[in-house]
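Observations on the model geometry
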Amino acid sequence: MLTSDASEATVKGSVPADRAPRKKDEKLWFNDGTLIIVAQDTEFRVYKGQLERRSEVFKDMSSFPQPTADCADSPCPVVHVTDFAREWRHVLGLIFDPDDEQSPFPTARRPHPSFELISACVRLGHKYAMTSTYQAAMAYLKDHFTTSFSVFQKHGSWVPEGDDFGLVHTIGVVNLARLTGERTLLPMALLECCRKGADIVLGFTYSDGERETLVAEDVGLCFAAKDKLIAATILAYVNVFGPLPAGDCKLEDCRRALGLLSQSTSRKALSCPSPNPIISFNYTLPGATTPQLCEDCRTTIKERERRRQLANWKALPSMLGIDVPAW
Ligand SMILES: [Zn+2]
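Note that the structure is a prediction, hence the values are computed from the model and not measured. (Residues numbered from 1 in each chain as written. Predicted model: local features only at pLDDT ≥ 70, side-chain atom pairs only at ≥ 80, totals over all residues. Heavy atoms only, no water.)

1. Focus: the overall build of the protein chain
Helix and strand counts for the protein chain come out as 11 helices and eight strands. Counting the 327 residues in the protein chain, one finds 49% classified as buried. Long-range pairs, those at least 24 residues apart, make up 67% of the contacts in the protein chain between residues at least 6 apart in sequence. Working note: accessible area of the protein chain is about 16300 Å², and carbon and sulfur atoms make up 53% of it. (Helix = DSSP H or I, 4+ residues; strand = E, 2+ residues; numbered from the N terminus. Buried < 20%, exposed > 50% of the residue type's maximum accessible area, 1.4 Å probe, protein only. Contact = heavy atoms within 4.5 Å. Areas by Shrake-Rupley, 256 points an atom, 1.4 Å probe, with all protein chains shown as cover.)

Dropping the structure here:
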């Protein structure tokens, strides 16, 4: 992984070396730092010991070459990494911010971390064996892209809160799951990708202009899954307010309310909704004089809805055409 050339070492990766003149990072350049990390055109000067404590890979690099006497502008060892400067800025920002020492996500100061931050922590944490950084970011993702329907319902939203983690970033979550082998992230992340339109192929853009997209195989997977997900969604719309078993309730208001709810949801089903086989419905009809379901009927329909949601949740991997152990 590490190659040395005179006083400088290189860690192989995916981002080509930048030919632009180097510049010091504005914040992550400590004059008494003991290690310079060069990512693209940016130099970060930080403390080697602190990095070694966080990263098994950097710990192994303790013997990398020392600067030679004629390397006047390199006062300490230099490591070239082939990652995005943006990623290192995020991760080093966490490591060298004492307030974030214990638990980076979420904190009172950062209750809603951006996808960009989470992605950097997962990618570099995975690559450089920064266990605590990786685990904190992955735990945050797993809490939202959960295996538990109850946890999903508790969140009540498709993506984590905050302005910097949007539906489009679920494309990035799929890629992180593929990179790390954390397959339990895939059902929710892919379902959310399937809720996007043709712009799914455009992906999203990071703050430095880099674009991230799904790989072609995952775009194809979403394309194939969408039919099955929509079929399950339409069944949910059509069946949830279907007739109750004979004799369950004799109230005329309930019979009429159920008919109105059924008509309303069937109309919505015809408008070809975004795939959501685990959808929850509204049981209350608008209007002060409109008939409403009695409590017993509400309970019966809610139980029916719950059974359907749990069955579709369980079937998500097969609808998506993926294998997720322990789902
Ligand atoms: Zn009733």
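After that view of the structure, there is still more to cover.
2. Structural notes on the nonpolar core
Residues Ile37, Trp88, Leu92, Phe105, Leu141 and Phe145 are the most contacted members of the largest nonpolar core, which totals 71 residues. Contact partners of Phe105, with chain neighbours within four places excluded, come to Leu94, Pro113, Leu117, Ile118, Cys121, Thr133, Ala136, Ala137 and Tyr140. If you look at the next biggest cluster of nonpolar residues, it comprises 17 residues, including Leu261, Phe281, Leu293 and Ile301. (Core = buried A, V, L, I, M, F, W, Y, C linked by side-chain atoms within 4.5 Å.)

3. Points about the environment of Ile37
Mapped onto the fold, Ile37 is located in strand β4 (residues 35-39). Here Ile37 falls in the buried class, since its relative accessible area comes to 0%. Taking C-alpha positions, Ile37 is 9.9 Å from Lys48, a pair spaced 11 residues apart along the chain.

4. Notes on the packing of aromatic side chains
Counted by the stated rule, this structure contains 19 aromatic pairs. Cluster of aromatic residues (ring-pair linked, three or more members): Phe115, Phe145, Phe165, Phe204 and Tyr206. Lying over the aromatic face of Phe84, Arg86 brings its terminal NZ or CZ to 4.8 Å of the ring centre. (Phe/Tyr/Trp six-rings, centres within 6.5 Å; stacked < 30°, edge-to-face > 60°. Lys NZ or Arg CZ within 6 Å of the ring centre and 35° of its normal.)

5. So, helix α5 (residues 131-144)
Here α5 is 14 residues long and its end C-alpha atoms lie 20 Å apart, about the 20 Å a rise of 1.5 Å per residue gives. Those residues of α5 not exposed but buried are Thr133, Tyr134, Ala136, Ala137, Met138, Tyr140, Leu141 and His144. Against α1 (48-54), α4 (115-127), α6 (149-155) and α7 (170-180) lie the buried residues of α5. (Expected span 1.5 Å × (residues − 1).)

6. Quick look at the packing of helix α3 (residues 85-95) against α4
Running from N to C, α3 and α4 cross one another at 90°; their axes reach a closest spacing of 9 Å. One element, α3, and the other, α4, form an angle in the roughly perpendicular class. Counted together, Arg86, Glu87, Trp88, His90, Val91 and Leu94 of α3 and Glu116, Leu117, Ala120, Cys121, Arg123 and Leu124 of α4 form the full contact between these two elements. Tallied by class, residues from the contact of α3 with α4 come to seven nonpolar, one polar and four charged. (Axes fitted to C-alpha atoms, helices over the stretch in contact; angles between N-to-C directions. Parallel < 35°, antiparallel > 145°, perpendicular 65-115°, else oblique. Nonpolar A, V, L, I, M, F, W, Y, C, P; charged D, E, K, R; others polar.)

7. Considerations on the coordination of the zinc ion
The coordination sphere of the zinc ion, as far as protein atoms go, consists of Cys249 (SG), Cys254 (SG), Cys294 (SG) and Cys297 (SG), spread over 2.2 to 2.4 Å. Considering all four donor atoms around the zinc ion, angles at the metal cover 102 to 118° and the coordination shape is tetrahedral. Counting along the primary sequence, the residues that act as donors to the zinc ion give the motif C-x4-C-x39-C-x2-C. You can see Cys254 sitting in helix α10 (residues 252-270) and its partner Cys294 sitting in the loop between α10 and α11 (295-320), a full 40 residues away along the chain. (Donors = N, O, S within 2.8 Å, 3.2 Å for Na, K, Ca; no water. Tetrahedral: all angles 85-135°; square planar, octahedral: opposite > 155°, others 65-115°.)

8. Some details on unusual backbone geometry
Backbone geometry at Gln40 places phi at a positive 50°, although glycine is not the residue there. Inspection of the secondary structure puts Gln40 in the loop between β4 and β5 (42-46). Positioned with a positive phi, Ala326 is a non-glycine residue whose angle comes to about 65°. Summarising the element assignment, Ala326 is placed in the segment after α11. Judged by its relative accessible area of 81%, Ala326 falls in the exposed class.

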